[in-house]
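Residue-level listing of the chains:
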Amino acid sequence: MPVPGAVLRCLGLSVCLSAGLPAVAVAAPAAPLSPADSAWLRRDGYDLDAANVARFRAMGRSGLLEAQLADRIRDPLPPGIDAQLRAFPILAQPLQATLLAFKQGQEQLQSMPDGDAKAEAKKSQQQMLNDAADQARQITLLRAVYGSNQLKEQMVGFWLNHFSVFAGKGAVRLMAADYEEQVIRPHALGKFKDLVLATLKSPAMLEFLDNAQNANGKVNENYARELMELHTLGVGSGYTQQDVQQLALILTGAGVRPLDGRVQKFGPRVAPLVVNDGMFQFNPKRHDFSDKVLLGERIQGSGFDEITQAVNLITRQKACAQFISRKLAQYFVADQPPQSLVDRMSVTFQRSDGDIAQVLRTLFESPELLQSAGKKFKDPTQFVVSAVRLAYDGKPIANPRPMLNWLNQLGEPVFGRQTPDGWPLDAVGWASSGQMSKRFEIARSIGSGYNKLFTPEGSDKAQGGFPMITTPLYYEAIGPHLSAATTAALNQATSPQEWNTFLLSSPDFNNR
Amino acid sequence: MNRRDFLVASAVAAATLPTLSFSGKLFAAPASAPRFLMVFLRGGYDCNNLLVPYASDFYYESRPTLAIARPDPHNPNSAIALDGHWGLNPVLHDSLYPLWQRKQLAFVPFAGTDDLSRSHFETQDNIEAGLAGDQHGHYGSGFLARLAGAMPGSAPIAFTDALPLSFQGGRDIPNLSLRGVSKPVFDERQSSILAAMYKGTTLAAPVSDGLQLRQQVSKDLQDEMTKAGRGAQTAQNFAAETRRIATLMRDQYRLGFVDVGGWDTHVNQGGAQGQLSNNLANLGQGLAAFADAMGDQWKDTTVVVVSEFGRTFRENGNRGTDHGHGTVYWVLGGSVHGGRIAGEQVAVAPGSLLQNRDYPVLNNYRDLLGGLLGRTWGLSTAQLQSVFPGARPNGLQLV
């Protein structure tokens, strides 16, 4: 089939077949990245874009890694993306105000008589919840695609999944954006125990796993159990039901401050024991002050300090170092990561008091990372984010909603995991026959431009065209390393749209 | 398409398209081979407004706004008497009641699991894993995947977007939702090229199956696709979906799974009319359509409708019901010994509620499903134990 030149539309961001030859000629082809460098860089970010390849060329492997781990790569977002983020009301308003507005709406709703007005008010409350969740999802994806520190962006995604919260539960929707921006993001490369404590004190986690309801005499073990089973130690690592119960007692009183800011009455004896931090409150009146024994160590009943002690104790366990190292290696390296690598990461974890950046250094300097290159199947988030990065290469999209829809179709909606265990990290969860063919269809949506990424919300006039992937980036870092089977497929493409579709569907692109 | 047509079509395809081949499981099902469809109602449907315990005053006391009226020939919104104690929601009058009259439909009240968490996710997962109570939380494989493994040629398929836990842990079990069926996005040339890229990789089978299935299904559903103008049709109702499912289960697939949501009716559940009854009507029409569309194969087919739990016996303050425990399972099929309420029962009274809240479970789903599958599929004891380890199969003489 001949390519009808008149049909080709150019996005202007990259080379266009019909008018693009001069642009190709201008960019003097740089020497291709070595296979090892390309493989390394594909895992260092949500796969490749030109900006990260340029950074890599300028700084080298260790230079880039160090700058990322020290959080020194802070290039501004493209203006179009920055403007979208600034326009999200959920980011413009403090969380407390958002929650208060919703609570007042609910109270008003309760006092209304049944009827049309009430139904209308109910609908608008529901709309508020859904809008908040949608904004949080769009924020997360825009940052993942356009954030300059791609290693950090992946870690934000990794921790959001590790400390998973489900937007559909209660008011978590209103808190999800705050959770991503204020709880996970600032701690993504810091000390693990600080990250645990930040999630422990976050309204989203307090609500999702019910610790806000955990009080002296009305103990709720839900969070205590998941804190050890899913967040730190792993199931079967040796803690007992007794430990869960003791930890639940330690966590009594950790909850959310009254939203309306009313003055709480604490007697002179307990007042000094109150801890307020943002929306978090440790309320000594709801705390069990008995002495506890956790993982064989005695923790004296003292108030909030018990919680810090418990988090320190738990995150110092070898089981925690192993559990977290293993999950990281599973995310970046292989479904069944080599034990040698997990052990070395685990040693770093323990020696550095759980410094996430140092553990990542061990991982990204390891020979195992490269030995497994090209064999780790991308989960839907990695697929969608990396496909948009490669296809549009830094050009600001106007509407992230298609990405949300694709992730829904692929079964990995953002903040959509109902159970607290997070989405699977291995290929089994994502590579069923139905999921593979759906993935190819989404590859086609992206590769052919049959999508609304460039059509602003509310506009019914489809904008944008299909992307051009045959850019210098492709020739430098992708084309030379493709398998024979993928190259053969690309050679059979009868249009650039089809060529894009094949590339984005290929095993080379879907594994890294 | 019968097996011969398929082989011919495959041969033609093979001549022109050397690379796209199905991974070898797409056989025509032998005409008399058993078929099994599991229908999972996700969300915990309110069984008390499906199978109405109309002889119980306690039911009417507990549900001042939700109860369905006692059978009354002059009231079309009253329950249809099935026996002296139980009545059927009247919205099923034209769809499932005829199957009941033909004795092809049975209900098993007080059915469910030994999972008392009353959590949707945990209970659904535990049902799909199919393990005994002391093994809860082990989600390595689902019981349908183990059944497929024990019965070569069972031709399993999930009619869902993702592979449900029931079918996980098996070998290359395909999934495809038939809710919306459109013309395949890729033509045969493109499908072959896509599949060829994955040849020899670990994903070769799912890739090739997924692409082939899309082509195959659109061929099988050709009539409907042609009628649908632009070639795409979204199931407006469950019946449209189940007719498609029947098309595939008549000829090729024998072990199917589909799920239906929307049952978590905490608020404004409605009585003989309203939210829940609309859902039940849709479900009933879907099951009746399936029975009809299975044609001659209906006699070899068993359908079981399950849900993770029942709901509170008493209505709540929002004219709805909350998470409960025991529920009512439905068993349908051309050869089912139906027209009866099967299994252990207890009088519906305050004293018989579990924790003064909901139905107890007297008929464990593992024993029931084990009994049904064991008999219809002719499973040995060892095979049954691999599907439901530790279960005591009891099909309640339903098959």
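Notes on the structure in this doc start here.

**Let's talk about the overall build of chain A**
A tally of regular secondary structure across chain A gives 25 helices and five strands. Along the three orthogonal principal directions, the C-alpha set of chain A runs to about 80 × 65 × 40 Å. Within chain A, the proportion of its 512 residues that are buried is 57%. Taking the contacts inside chain A whose residues are at least 6 apart along the sequence as the reference set, 72% of them involve residues at least 24 apart. Working note: accessible area of chain A is about 20,500 Å², and carbon and sulfur atoms make up 53% of it. Of the charged side chains in chain A, 52 are positive and 49 negative; the average position of the first set lies 1 Å away from that of the second.

**A short note on the sheet that holds strand 11 (residues 327-333) of chain B**
Sheets are built from strands paired through backbone hydrogen bonds, the pairs being either parallel or antiparallel. All names here are of chain B. The strand order across the open sheet built from seven strands is 6-9-1-10-11-5-12, with neighbouring strands paired in mixed fashion. Edge positions in the sheet fall to strand 6 (156-158) and strand 12 (363-364), since each has one partner strand and no second. Pairing of strand 5 (residues 105-112) with strand 12 involves two bridges; the strand directions are parallel. Paired with Ala-111 across the bridge in strand 12 is Asn-363.

**Section: the pairing of strand 10 (residues 301-307) of chain B**
Residues and elements named next belong to chain B. Burial analysis of strand 10 places seven of its seven residues in the buried class, the great majority of the element. Sheet topology note: the strand 1 (residues 35-41)/strand 10 ladder contains seven bridges and is parallel. Looking across to strand 10, one finds that Val-39 is bridged to Val-305. Note: strand 10 against strand 11, four bridges, orientation antiparallel.

**Let's talk about empty space enclosed by the protein**
Residues and elements named next belong to chain A. Across all of its chains, the model carries five cavities of 30 Å³ or more by this definition. Secondary structure elements with two or more residues in the lining of the largest cavity: helix 7 (116-146), helix 8 (150-162) and helix 19 (380-392). With six residues, helix 8 is the single largest residue contributor to the lining of the largest cavity. Around the second largest cavity, the lining residues are Tyr-331, Lys-376, Phe-377, Lys-378, Asp-379, Gln-382, Leu-425, Asp-426, Ala-427 and Trp-430.

**Quick look at the packing of aromatic side chains**
All names here are of chain A. One pass over the full model with this rule turns up 32 aromatic pairs over all chains. For the ring pair Trp-159 and Phe-192, a centre distance of 5.7 Å and an interplane angle of 40° mean the geometry is tilted. Here Phe-192 lies in helix 10 (residues 192-200) and Trp-159 lies in helix 8, a separation of 33 residues in the sequence. On the basis of relative accessible area, Trp-159 is assigned to the buried category, the value being 0%. Accessibility expressed as a relative area gives 0% for Phe-192, which makes it buried. Members of the aromatic cluster, joined through ring pairs, are Trp-40, Phe-56, Phe-158, Trp-159, Phe-163, Phe-192, Tyr-331, Phe-332, Phe-349 and Phe-364.

**Quick look at the interface of chain B and chain A**
Taken residue by residue, the interface counts 24 residues in chain B and 26 residues in chain A. Contact with chain A buries surface across chain B, with Phe-121, Met-197 and Tyr-198 of chain B losing the most and accounting together for 27% of the total. If you look at where chain B meets chain A, you find two salt bridges. Arg-189 of chain B serves as the salt-bridge partner of Glu-498 of chain A, at 2.6 Å between the closest nitrogen and oxygen. The interface formed by chain B and chain A includes nine residue pairs in polar contact (both at pLDDT 80 or more). Contributing elements (two or more residues each) for the side of chain B that touches chain A: helix 6 (188-198) and helix 7 (204-220) of chain B.

**Here's the deal with the pattern of salt bridges**
Residue and element names in this part refer to chain B. Under the criterion given, the structure shown has 46 salt bridges over all chains. A salt bridge links Asp-161 to Arg-179; the nearest nitrogen and oxygen atoms lie 4.0 Å apart. Of this pair, Asp-161 sits in the loop between strand 6 and strand 7 (180-182) while Arg-179 sits in the loop between strand 6 and strand 7, and the two are 18 residues apart along the sequence. One network of salt bridges, with partners in common, ties together Arg-42, Glu-128, Asp-161, Arg-179, Glu-241 and Asp-259.

**Considering helix 13 (residues 241-250) of chain A**
Residue and element names in this part refer to chain A. The buried fraction of helix 13 is high, at seven of 10 residues. Looking at helix 13, one finds that the buried residues are Asp-243, Val-244, Gln-246, Leu-247, Ala-248, Leu-249 and Ile-250. In this structure, the buried side of helix 13 is in contact with helix 12 (222-232), strand 4 (292-294), strand 5 (297-299) and helix 14 (304-315).

**Notes on the packing of helix 7 of chain A against helix 9 (residues 172-184) of chain A**
All names here are of chain A. Two elements in contact, helix 7 and helix 9, have axes whose closest approach is 7 Å; the angle formed by their N-to-C orientations is 20°. Taken together, the axes of helix 7 and helix 9 lie roughly parallel to each other. For the crossing formed where helix 7 meets helix 9, the hand is left-handed. Of the residues in helix 9, those touching helix 7 at Gln-126, Met-128, Leu-129, Asn-130, Ala-132, Ala-133, Ala-136, Ile-139, Thr-140 and Arg-143 are Arg-173, Leu-174, Ala-176, Ala-177, Glu-180 and Glu-181. The residue makeup of the contact of helix 7 with helix 9, split by class, is nine nonpolar, three polar and four charged.

**Considerations on the nonpolar core**
Residue and element names in this part refer to chain A. Grouped together as the largest cluster of nonpolar side chains are 157 residues, with contacts concentrated most on Met-155, Trp-159, Tyr-179, Phe-192, Leu-247, Phe-332 and Leu-360. Here this core gets 10 residues from one element, more than from any other, and that element is helix 7. In this view, Phe-332 contacts Arg-43, Leu-151, Gln-154, Met-155, Leu-360, Leu-363, Phe-364, Leu-369 and Arg-512; residues no more than four positions away in its chain are not counted.

**Quick notes on the pairing of strand 9 (residues 255-260) of chain B**
Consecutive residues of a regular strand have side chains that alternate between opposite faces of the sheet. All names here are of chain B. Of all six residues in strand 9, six are buried, a share of seventy percent or more. With burial as the criterion, each face of strand 9 is covered, one bearing Leu-255, Phe-257 and Asp-259 and the other bearing Gly-256, Val-258 and Val-260. Pairing of strand 1 with strand 9, which is carried by six bridges, proceeds in the parallel orientation. Paired with Phe-36 across the bridge in strand 9 is Leu-255. As paired elements, strand 6 and strand 9 share three bridges and run parallel to each other. Paired with Pro-156 across the two strands is Leu-255, which belongs to strand 9.

**Side note on the environment of Pro-76 of chain A**
Residue and element names in this part refer to chain A. Considering the arrangement of structural elements, one finds Pro-76 in the loop between helix 3 (50-69) and helix 4 (79-86). Relative accessible area serves as the criterion here: at 74%, Pro-76 is assigned to the exposed category. Considering only alpha carbons, one finds Pro-76 and Gly-147, 71 residues apart in sequence, at a separation of 8.3 Å.

**Observations concerning the sheet that holds strand 3 (residues 280-282) of chain A**
Residue and element names in this part refer to chain A. The sheet built from three strands is open, its strands ordered 1-3-2 with antiparallel pairing. Where the open sheet ends on each side, the last strands, each with one partner, are strand 1 (254-256) and strand 2 (275-277). The sheet shows a mean angle of 25° between the axes of neighbouring strands, taken without regard to direction. Here strand 2 pairs with strand 3 via three bridges, running antiparallel. The residue bridging Val-275 from the neighbouring strand is Phe-282, located in strand 3.

**Section: the environment of Asn-364 of chain B**
Residue and element names in this part refer to chain B. Among the secondary structure elements, Asn-364 is positioned in strand 12. Distance in space between the C-alpha atoms of Asn-364 and Arg-146 is 19 Å, their sequence separation being 218 residues. For Asn-364, the residues in contact, after removing those within four places along its chain, are Gly-112, Thr-113 and Asp-114.

**Quick notes on unusual backbone geometry**
All names here are of chain A. Even without a glycine there, the phi angle at Asp-47 is positive, about 55°. With respect to the element layout, Asp-47 can be found in the loop between helix 2 (35-44) and helix 3. Since its relative accessible area comes to 5%, Asp-47 is described here as buried. Positive phi, close to 55°, is recorded for Phe-415, a residue that is not glycine. If you trace the backbone, Phe-415 turns up in the loop between helix 20 (401-409) and helix 21 (433-448).

**Looking at helix 4 (residues 120-129) of chain B**
All names here are of chain B. With respect to burial, helix 4 is a largely interior element, seven of its 10 residues being buried. Taken together, the buried positions of helix 4 are occupied by His-120, Thr-123, Gln-124, Asn-126, Ile-127, Glu-128 and Ala-129. Buried residues along helix 4 sit against strand 1, helix 5 (143-150), strand 9, strand 10, strand 11 and helix 11 (365-377).

**A few points about the layout of surface pockets**
Of the voids in this model, the second largest pocket is the one considered here, and its volume is about 940 Å³. For the lining of the second largest pocket, the elements supplying multiple residues, two or more each, are helix 20 and helix 21 of chain A together with strand 7, helix 7 and strand 8 (232-234) of chain B. Ranked by residues supplied to the lining of the second largest pocket, first place goes to helix 21 of chain A with eight residues. Residues belonging to the lining of the second largest pocket are distributed by class as follows: 11 nonpolar, 18 polar and 11 charged.

So, how was this worked out
- Residues numbered from 1 in each chain as written.
- Chains lettered and ligands numbered in written order.
- Predicted model: local features only at pLDDT ≥ 70, side-chain atom pairs only at ≥ 80, totals over all residues.
- Heavy atoms only, no water.
- Helix = DSSP H or I, 4+ residues; strand = E, 2+ residues; numbered from the N terminus.
- Buried < 20%, exposed > 50% of the residue type's maximum accessible area, 1.4 Å probe, protein only.
- Contact = heavy atoms within 4.5 Å.
- Areas by Shrake-Rupley, 256 points an atom, 1.4 Å probe, with all protein chains shown as cover.
- Lys, Arg positive; Asp, Glu negative; His and termini not counted.
- Charge placed at Lys NZ, Arg CZ, Asp CG, Glu CD.
- Pairing = 2+ DSSP bridges.
- 1 Å grid on protein atoms, 1.4 Å probe; cavity = no way out; pocket = protein on both sides within 12 Å on 5 of 7 lines; lining within 4 Å.
- Points joined across faces, edges and corners; volume = space filled by probe spheres on them.
- Phe/Tyr/Trp six-rings, centres within 6.5 Å; stacked < 30°, edge-to-face > 60°.
- Buried area = accessible area lost by both parts, 1.4 Å probe.
- Salt bridge = Lys/Arg side-chain N within 4 Å of Asp/Glu carboxyl O.
- Polar contact = N/O pair within 3.5 Å; in protein donor to acceptor, adjacent residues only side chain to side chain.
- Axes fitted to C-alpha atoms, helices over the stretch in contact; angles between N-to-C directions.
- Parallel < 35°, antiparallel > 145°, perpendicular 65-115°, else oblique.
- Left-handed = near helix turned anticlockwise from the far one by under 90°.
- Nonpolar A, V, L, I, M, F, W, Y, C, P; charged D, E, K, R; others polar.
- Core = buried A, V, L, I, M, F, W, Y, C linked by side-chain atoms within 4.5 Å.

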